[in-house]
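Each chain is listed here by its residues.
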Amino acid sequence: MFLILNKKYTKKSCSASAALAVKTLHHARPAHPTLTLRQSTASTWSALCSFMRLMRQSILCSRIFTLPFYSTSFIPVRAYIPIARFFALPSLSLSHRSITMPQRERQKRNVEANTDKAASSSSMPSAVAEEVTDRIGGLRIRAENEVQKTIWKPESSQTIANADVENVSETTLKSSASLSRIFKGNLLENFTVDNSTYSLAQIRATFYPKFENEKSDQEIRSRMIEVVSKGLGTLEVTLKHSGSLFMYAGHEGGAYAKNSFGNVYTAVGVFVLGRMFHEAWGTAAGKKQVEFNDFLEINRMCISMELVTAVLGDHGQRPREDYVVVTAVTELGNGKPKFYSTPEVIAFCRKWRLPTNHVWLFSTRRSVTSFFAAYDALCEEGLATTVCRALDEVADISVPGSNDHIKVQGEILEGLVARIVSHESSKHIEEVLRKYPPPPVEGAGLDLGPSLREICAANRSDEKQQIKALLQSVGSSFCPNFSDWFGVESGDSHSKNADKSVVSKFLQAHPSDFSTTKLQEMIRLMRERRLPVAFKCYHNFHKISSVSADNLFYKMVIHVHSDSAFRRYQKEMRSKPGLWPLYRGFFVDINLFKANKEKAAEIAKNNIVGIVNDRAKGDLADDDANLMIKLKFLTYKLRTFLIRNGLSTLFKDGPSAYKAYYLRQMKIWGTSAGKQQELSKMLDEWAVYIRRKYGNKQLSSSIYLTEAEPFLEQYASRCPENQDLIGSAGSFVRAEDFMAIIEGGRDEEGGDLEMNKEMVPPSPISSSKETVQKDRGLIVFFPGIPGCAKSALCKELLNAPGSLGDDRPVLSLMGDLIKGKYWQKIADERRKKPYSVILADKNAPNEEVWRQIEGMCRSTQASAVPVIPDSEGTDSNPFSLDALAVFMFRVLQRVNHPGNLDKRSPNAGYVLLMFYHLYDGKNRAEFESELIERFGSLVKMPLLRSDRHHHLLIMKVQWFHSSMSSSS
């Protein structure tokens, strides 16, 4: 077998690709503004430096730059390379499958990038109200002296009570020895996995899986109408409150944000939930809090809520009050999590006097079509009052929420969530409403002590002080244990994460039950497919007293970094019906232990029972059960997506880039032409206003409403049309004095991720014109493969001193010449010279490296530009096999390569295949989309001509004739 390559695209194209540049730029289309770079000068390197000046001026945001080929003539040259030459490893045998990527079905991309797909609700037994409520009442509440009956566990754990962080209790002192063994005795390092090693994994908290719609919104609507018309289901619609995901599994099970625990986000959630018990139960609140915690622990349950507060950063509108709304109730049990249906959630919440959401049911074709018509009429100007009134008029059943959205949050409504549920939901919800009337509010007139905002305002020294004050204010009956926030010794916290080998040893150990088997299956698959998911492990301080050399306890956070992981995992579920879903907000308790023969036999018996009980219908067997659509309102989106999310583009890249950003967003949403024109006028005025006031210091997105709300109020007061555009403004809540302190810049999604270090200037700075920001650095990096021309590009840039238009130093660091950790070296150079331009001459193939680069940009106020070879890609890889062949040919033309990857290398082809597989799992569209989402821009270097197949055919014919002539 031979590969026929064109010499023009290989040996010399390495320098040619790097040399291409441009002096003129023009837009291709507003939806996806693509700038084409045209060569307008014979001095190619001068043109390239002109291009770099444009990069320095930050015109690259949210754009794809393509560097075109030279206009030189095409001269075909034959080159024959035996394929065996690429894989000269003595002990390596590669078949044809080694270089053939698996074919995967292409997946259509949704218009709305952040569409959530909730799991189908559990269908309620077709019975009367007694059967509906018996299930709620049948769950056990532990009496004071009741002995808890549980399944077998390797060793029971002792609860550590700690009512005050500063006063170390006796339990804490007794556990100090165990804690020292964890951190100083290297228990995990000495814990060997053998045939007697078992693992037990139990889900502690989780939210609905995120299902991505493959069909368009209009197709989903049509299918929803069809399902309701045939009596196969009912359309359920709920309000989308604008807040953060908060999950609570009791004081033993823990409190969790979306991807974190033990921080100010969860402390605020515990305080607000505890305060709502006091408001609902009055003087009996303490007793009910204890009962509720015991109830969740005994029955292994978790409740998920939308946490709406003004102290954790701005969303669409600062709420008037701080509150939670229960959105899911989950039985975790010892198998797959089971989510309650909406009637069951209402029954559960009214039993415990927890706040419920507003729910509408549409069970006829007329009502469901009227709902979609009402949304279409209100989607651009709808407010909470008008939307709720319209839905009340057309719905078959309307169940108001415990809290009136208008009173507790305001008029700005984020959206609606519509999904198909059981066709018997209407009957079940009526039965529940008859059985459980709205509960009384017994604490309305009581003095409940300082509010959340008062506590945050009074404790401004640091985050730990705020957390401590909040937890102490909740009271020991609801939160007797602070170990998730502060550990069990003064100064120790959950930030002492465990070694990464926890995951490896967990996967190597024998599963002790069926749930552990399924969780191991999930994690193995995500690691094999290289999904953008992190498995972060922490020491479980609740189990300190049970720790020994043969019995270790950890908490695992399954953190999904990109929505693409849900889409790709969903494909895997279709081919593997027994695979458990990938949940949002996914927390697992892990126990690694040794078992003797008797315990091993008992474990084997329990596993067989678990397998039999879990043989049920797959989550995706019925697509109608997962029909869901999120419908957002323009009055919310203009604040969050267009103003808040556009701040970085506006301040870093200027008004022109910001205009391209918001026009693209509105086109994706399908905003009407009239509204686009009105919003463009308003946003252009906003850009001038905020840039003039803040100069080059970016307004913090966490308090953006401090400036946006007064501006919107003033703009709306000019005329009725502006008022309709803005929706509602003026009822402003000042949050600066009580905003929660979040050290290290963590965000609500990750909890431990850094945000932009944004500063509010002490005094406004006037600026009458757009300025080029010369106080920012630039990182140029290469998500590529060896042989992709990165070194040639970096070399030519260094040979053009001063051509970037200012005096910023340009530094190129070649990975093959750097000893030690390369990206740490880049970070060190960024800190030494924050205004420099760094050319990172090393392949950056994965999300881990990209996150490091993002961190450098945040910490040193720099921009980053990924440069990639242009390629069609495959269904599962952003680079085509043709591109891989070119890279291989280039590598085999090298001599004296610093990294010894050249023509003398015995395994060059194998190394390139390893790099190629690092990108496996993303098609070209997903690859480019993620880079643009992370860094705002993308530069493509040309690699292969689009008409190359025609020329290859000519080359083959020429080769055939020459071969025939030689043989004759």
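Residues numbered from 1 in each chain as written. Predicted model: local features only at pLDDT ≥ 70, side-chain atom pairs only at ≥ 80, totals over all residues. Heavy atoms only, no water.

- Taking an unreviewed UniProt entry as the reference, the protein is identified by name as tRNA ligase phosphodiesterase domain-containing protein belonging to Salix viminalis.

### Digging into the overall build of the protein
Point 1. Counting its secondary structure elements, the protein contains 34 helices and 24 strands.
Point 2. When each of the 968 residues of the protein is scored for burial, the buried share is 57%.
Point 3. Residue pairs at least 24 apart in sequence account for 82% of intrachain contacts in the protein once pairs closer than 6 positions are excluded.
Point 4. If you sum the accessible surface of the protein, you get close to 40,800 Å²; carbon and sulfur atoms cover 52% of it. (Helix = DSSP H or I, 4+ residues; strand = E, 2+ residues; numbered from the N terminus. Buried < 20%, exposed > 50% of the residue type's maximum accessible area, 1.4 Å probe, protein only. Contact = heavy atoms within 4.5 Å. Areas by Shrake-Rupley, 256 points an atom, 1.4 Å probe, with all protein chains shown as cover.)

### Let's talk about the confidence of the model for the protein
A low pLDDT means the predicted coordinates there should not be read in detail.
Point 1. Model confidence for the protein is summarised by a mean pLDDT of 75, while 70% of its residues fall at 70 or above.
Point 2. Looking at the elements of the protein, mean pLDDT is at its lowest for strand β2 (residues 34–36), recorded as 31, and at its highest for strand β12 (residues 359–362), recorded as 97. (pLDDT = per-residue confidence, 0-100.)

### Quick look at unusual backbone geometry
Point 1. If you check the backbone angles, alanine 789 has positive phi at about 85 degrees while not being a glycine.
Point 2. With respect to the helices and strands, alanine 789 occurs in the loop between β20 (777–782) and α28 (790–798).
Point 3. For asparagine 900, which is not glycine, the phi torsion reads 60 degrees and is therefore positive.
Point 4. Summarising the element assignment, asparagine 900 is placed in the loop between α31 (881–892) and α32 (908–918).

### A look at the sheet that holds strand β18 (residues 586–594)
Point 1. Taken together, the five strands give an open sheet; going across it, the order is β15-β5-β18-β17-β16, and neighbouring strands pair in mixed fashion. At either margin of the open sheet sits one strand with a lone partner, and together these are β15 (510–511) and β16 (533–539).
Point 2. Summarising the sheet, β16 and strand β17 (residues 551–560) pair through seven bridges and their orientation is antiparallel. Bridge assignment links valine 533 to a residue of β17, and that residue is valine 560. (Pairing = 2+ DSSP bridges.)

### Here we look at the pattern of salt bridges
Point 1. Counted according to the given criterion, the structure contains 33 salt bridges.
Point 2. Aspartate 828 is the salt-bridge partner of arginine 831, the closest N and O atoms lying 2.5 Å from each other. You can see arginine 831 and its partner aspartate 828 sitting in helix α29 (residues 822–832), three residues apart, about one turn around the helix.
Point 3. Exposure remark for arginine 831: the relative accessible area of 51% places this residue in the exposed category.
Point 4. Judged by its relative accessible area of 27%, aspartate 828 is partly exposed.
Point 5. Here glutamate 928 makes a salt bridge to lysine 940, at a shortest N to O gap of 3.0 Å. Taken together, the positions of glutamate 928 in helix α33 (residues 924–935) and lysine 940 in strand β24 (residues 937–941) put the pair 12 residues apart, joining distant regions of the chain. (Salt bridge = Lys/Arg side-chain N within 4 Å of Asp/Glu carboxyl O.)

### Quick notes on empty space enclosed by the protein
Point 1. On inspection of all chains with the given rule, the structure shows 10 cavities of 30 Å³ or more.
Point 2. Volume-wise, the largest cavity comes out at about 80 Å³.
Point 3. Lining the largest cavity we find Tyr248, Gly250, His251, Gly254, Ala255, Val270, Phe478, Cys479, Asn481, Asp484, Trp485 and His542.
Point 4. Those elements giving two or more residues to the lining of the largest cavity turn out to be α7 (250–253) and α17 (483–486).
Point 5. In terms of residue class, the lining of the largest cavity is built from six nonpolar, five polar and one charged. (1 Å grid on protein atoms, 1.4 Å probe; cavity = no way out; pocket = protein on both sides within 12 Å on 5 of 7 lines; lining within 4 Å. Points joined across faces, edges and corners; volume = space filled by probe spheres on them. Nonpolar A, V, L, I, M, F, W, Y, C, P; charged D, E, K, R; others polar.)

### A look at the packing of aromatic side chains
Point 1. On inspection of all chains with the given rule, the structure shows 33 aromatic pairs.
Point 2. Pairwise contacts between aromatic rings join Tyr248, Phe277, Phe292, Phe295, Tyr340, Phe348, Trp352 and Phe478 into one cluster.
Point 3. Positioned above the aromatic ring of phenylalanine 261, the side-chain terminus of lysine 555 is 5.8 Å from the ring centre.
Point 4. A cation over a ring is seen here: lysine 842 above tyrosine 822, with NZ or CZ 5.6 Å from the ring centre. (Phe/Tyr/Trp six-rings, centres within 6.5 Å; stacked < 30°, edge-to-face > 60°. Lys NZ or Arg CZ within 6 Å of the ring centre and 35° of its normal.)

### Quick notes on the sheet that holds strand β9 (residues 301–308)
Point 1. Ordered in space as β8-β7-β9-β10-β11, the five strands form an open sheet in which the pairing is antiparallel. The two strands at the open ends of the sheet, each matched to only one other strand, are β8 (255–256) and β11 (338–339).

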